[in-house]
Amino acid sequence: MSTSVDDLVAAATAAAGSVVDPELQRSLAELDMVRQVEVADGRAVIGIALTIVGCPMADRIEREVTAAASAVPGIDRVHVELTVMSTGEREALLARLRSGRTRSTTPFTPGSLTRVIAVTSGKGGVGKSTVTANLAVATARRGLRVGLVDTDVHGFSIPALLGLVDDSGFAVRPTRIDDLVLPPVAHGVKGVSIGMFLPEGSENSAVSWRGPLLHRTVEQFITEVYFGDLDVLFLDLPPGTGDVAISVGHLLPHSEVLVVTTPQRAASGVAVRSGLLARTLEQKVIGIVETMAADSSGFAPFGTGGGAAVAAQLSAGHDEVPLLGSIPFSVPLREAGDAGLPIGIAAPFDPAARAFDDLAQRLTTRPRGLAGRRLSLSVR
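Residues numbered from 1 in each chain as written. Predicted model: local features only at pLDDT ≥ 70, side-chain atom pairs only at ≥ 80, totals over all residues. Heavy atoms only, no water.

Turning next to the sheet that holds strand β3 (residues 77-84). Two modes of strand pairing occur in sheets, parallel and antiparallel, and in both the strands are linked by backbone hydrogen bonds. Pairing in this open sheet of three strands is mixed, and the strands run β1-β2-β3 from one edge to the other. With partners counted over all chains shown, the strands left at the sheet margins are β1 (34-40) and β3, one partner each. Shown here is a sheet whose adjacent strand axes are inclined to one another by a mean of 15 degrees, direction ignored. By the bridge criterion, five bridges tie β1 to strand β2 (residues 43-50) in an arrangement that is antiparallel. Bridging from a neighbouring strand, A40 pairs with R43 of β2. The sheet strands contacting helix α1 (residues 5-18) are β1 and β2, and the helix crosses β1 at an angle near 140 degrees. (Pairing = 2+ DSSP bridges. Helix = DSSP H or I, 4+ residues; strand = E, 2+ residues; numbered from the N terminus. Axes fitted to C-alpha atoms, helices over the stretch in contact; angles between N-to-C directions. Contact = heavy atoms within 4.5 Å.)

Another aspect to go through is the confidence of the model for the chain. One rule of thumb: low pLDDT means the predicted coordinates there are not for detailed reading. Summarising the model, the chain shows a mean pLDDT of 85, and 90% of its residues fall at 70 or more. Here helix α6 (residues 211-224) stands out as the element of the chain with the lowest mean pLDDT, 76, in contrast to helix α4 (residues 128-140), whose mean of 96 is the highest. Within the model, pLDDT remains below 50 along residues 370-380, and this stretch shows 10 contacts once partners closer than five positions in the same chain are excluded. (pLDDT = per-residue confidence, 0-100.)

The UniProt feature table records "binding site: ATP" (unreviewed entry) at G122, K123, G124, G125, V126, G127, K128 and S129. Position of G124 relative to the elements: it lies in the loop between β4 (115-121) and α4. Exposure remark for G124: the relative accessible area of 39% places this residue in the partly exposed category. Structurally, the position occupied by S129 is in helix α4. Judged by its relative accessible area of 11%, S129 is buried. Those residues in contact with S129 that sit more than four places away from it in its chain are S157, I158, L161 and D236. Within the structure, the side chain of S129 is placed 3.4 Å from the side chain of K128, a separation counted as a polar contact. (UniProt positions renumbered as here; feature names shortened; annotations may be inferred. Buried < 20%, exposed > 50% of the residue type's maximum accessible area, 1.4 Å probe, protein only. Polar contact = N/O pair within 3.5 Å; in protein donor to acceptor, adjacent residues only side chain to side chain.)

Below, the discussion takes up the environment of E224. Mapping E224 onto the fold places it in helix α6. The sequence separation of E224 and V272 amounts to 48 residues, and the corresponding C-alpha distance is 32 Å.

Let us now look at the packing of aromatic side chains. What the rule picks out here adds up to two aromatic pairs. On the numbers, 5.6 Å between centres and 85 degrees between planes, the contact of F299 with F329 is edge-to-face. Here the residue F299 occupies a position in the loop between β12 (284-293) and α9 (306-315), and F329 occupies one in the loop between β13 (323-328) and α10 (331-338), the gap between them amounting to 30 residues. Among the residues examined, F329 registers a relative accessible area of 32% and is labelled partly exposed. (Phe/Tyr/Trp six-rings, centres within 6.5 Å; stacked < 30°, edge-to-face > 60°.)

On to the nonpolar core, then. Core analysis: the biggest nonpolar cluster contains 40 residues, and L162, V189, F234 and L258 have the highest contact counts within it. For V189, the residues in contact, after removing those within four places along its chain, are A136, V137, A140, V146, G147, L148, L162 and P184. (Core = buried A, V, L, I, M, F, W, Y, C linked by side-chain atoms within 4.5 Å.)

Time to look at the UniProt feature "domain: MIP18 family-like" (unreviewed entry) in the chain. When the UniProt feature table is mapped to this numbering, "domain: MIP18 family-like" (unreviewed entry) covers residues 15-81. Helix makes up 25% of residues 15-81 and strand 30%, with an end-to-end C-alpha separation of 15 Å.

Pairing within the open sheet is mixed, and its eight strands lie in the order β8-β9-β5-β10-β4-β11-β12-β13. Strands with a single pairing partner mark the edges of an open sheet, and in this sheet they are β8 (185-186) and β13. The pairing of strand β5 (residues 146-150) with strand β9 (residues 189-193) spans five bridges and is parallel. From the neighbouring strand, V146 faces β9, where its bridge partner is V189. Its contacts with the sheet put helix α8 (residues 265-280) on β4, β11 (256-261) and β12, and the angle it makes with β11 is roughly 170 degrees.

Bringing the packing of α4 against helix α12 (residues 351-363) into the picture now. Viewed as axis vectors pointing N to C, α4 and α12 meet at an angle of 70 degrees, and their least axial separation amounts to 9 Å. Relative to α12, the element α4 is oriented roughly perpendicular. By crossing handedness, the relation of α4 to α12 is classed as right-handed. Here T130, V131, N134, L135, A138 and T139 of α4 lie close against α12, whose contacting residues are F356, D357, L359, A360 and L363. (Parallel < 35°, antiparallel > 145°, perpendicular 65-115°, else oblique. Left-handed = near helix turned anticlockwise from the far one by under 90°.)

Below, the structure is given as structure tokens:
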């Protein structure tokens, strides 16, 4: 029994529409990107309207649409015609993506379903960014939708740790649809960093910004970058208790805080202060992560007990702050970071990789929902 042309057109349209835009993480059908579809003598011609001229994902979208339509029985050849949305079509798309929000408002409100976790430390050099990057990837590998904002403006390292760099080692540029910024994706994590926005040729220059400009940068990352519907948004905060930590506390007062320390007393003593600042800003300190801990052989170059000490001090007189995980001292972890790979992909059987998997599991056991959240409801 032969299939009618109308049925083939419908099947090809559905197949093309099922392809997911790699940046917007929505199907082409949802984004209204599939246009005229024609089928004749087993050959399908499919029109796809890209969001912008020079879309960096054009080749990938073309390949995936071709593969999807070629799998339809009765179609043996596919030709994809790429065009670009009109200004009106693009504005309508942006309005749908923002769901009625204005450019200057955040989707990460206290009533949203996205869990916001800020990763902080008392001092630099304790592996805070390594924890944030690897924890984000481990969380994404558990099937959650994950975003990561690198708020460490002066010492940004998330692009390098996630491999979001070009052949010259510079951070890749996000795609822009008019004034909407689409964060690049690596290992299932949507990431954004100031390194992605610095002028060409100045990527290795020092960023010497002060309070107001730092606050505005963090605010723009939260309000103007399109992450879509996330389960978890991680924030990599700069070390210490300075401007950015305070800005995050004001912009996202419902965010939870994870404190990173090494076992060394010089680090753990300072780490307590970042937890105390979070409490001052009415954020919830959800746990401690200890890095560079003793490995399986007992080798402990930075001593022992620092994570437990921080947990005990922050628990005194308050709700318990647990030591959620200890990441063992690991040469493969350092090598993977230098290569721009998460340890869970570069060396999945390394003890550090298993520690990050365990940490992600502990953090994500809480179901996504509205329990305990204040809802904006009124009774008439």
